[in-house]
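# Commentary on secondary and tertiary structure
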Amino acid sequence: MLPPDPVVLVIGATGYVGLETVRAAAGMERVRRVVAHVRPGSKGRARLDQAVAASGDQVKIEECALEAEPIDALLERLGPTHIFLCHGTTAKRAKAAGIDRPYETVDF
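All figures in this text were calculated on a predicted structure; none of them were measured in a lab.

Here we come to the sheet that holds strand S3 (residues 59–63). In spatial order, the strands read S3-S2-S1-S4; together these four strands make up an open sheet with parallel pairing. Two strands lie at the open edges of the sheet, namely S3 and strand S4 (82–85), each paired on one side alone. In this sheet, neighbouring strand axes are inclined to one another by 20 degrees on average, regardless of whether the strands run parallel or antiparallel. Pairing of strand S1 (residues 7–11) with S4 involves four bridges; the strand directions are parallel. By the bridge assignment for S4, Val 10 is matched with Phe 84.

With that out of the way, let us pick up helix H2 (residues 45–54). Three or more residues of H2 are buried, namely Leu 48, Ala 51 and Val 52. In an axial view of H2, the angular spread of the buried residues amounts to 100 degrees, which keeps them on one side of the axis. Relative to its buried face, H2 has exposed residues pointing more than 90 degrees away, namely Gln 50, Ala 53 and Ala 54. Check the buried side of H2 and you find it contacts helix H1 (16–26), strand S2 (33–38) and S3.

The full count for this structure, using the stated rule, is five salt bridges. Salt-bridge contacts for Glu 20 lead to Arg 23; the nearest nitrogen and oxygen are separated by 2.6 Å. Taken as a pair, Glu 20 and Arg 23 lie in helix H1 at a separation of three residues, close to a single helical turn. Take Glu 20: its relative accessible area is 38%, and that puts it in the partly exposed class. The class for Arg 23 is partly exposed, based on a relative accessible area of 42%. In this structure, Asp 49 and Arg 45 form a salt bridge, with 2.9 Å as the shortest nitrogen-oxygen distance. Of the two residues, Asp 49 and Arg 45 are both situated in helix H2; the distance of four residues between them amounts to about one turn of the helix.

Conventions we followed
- Residues numbered from 1 in each chain as written.
- Predicted model: local features only at pLDDT ≥ 70, side-chain atom pairs only at ≥ 80, totals over all residues.
- Heavy atoms only, no water.
- Pairing = 2+ DSSP bridges.
- Helix = DSSP H or I, 4+ residues; strand = E, 2+ residues; numbered from the N terminus.
- Axes fitted to C-alpha atoms, helices over the stretch in contact; angles between N-to-C directions.
- Buried < 20%, exposed > 50% of the residue type's maximum accessible area, 1.4 Å probe, protein only.
- Arc of directions from axis to C-beta.
- Contact = heavy atoms within 4.5 Å.
- Salt bridge = Lys/Arg side-chain N within 4 Å of Asp/Glu carboxyl O.

Following this line, the structure appears as structure tokens:
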């Protein structure tokens, strides 16, 4: 059961799983707001911007470093009721291991 006016924070929102989590949360009727966390300079930002544009004003993007102090400040300011940590290293590890199409291989 969701609490009244849930606020969902997705850390790692530019990755495959994070972006799908943002989309799923935004599609939930009872979710008041979805906050998509992005690291400064993230290469996946454009993909996230497109998803946010399609979701109306329910999704907000917050950019901050993935370090203790900035994340603590973000949590304090937003007061999320749900946090999804979707930060991974699939592509980087797969490249080092010589795996082609890492997301299809790992996620499916």
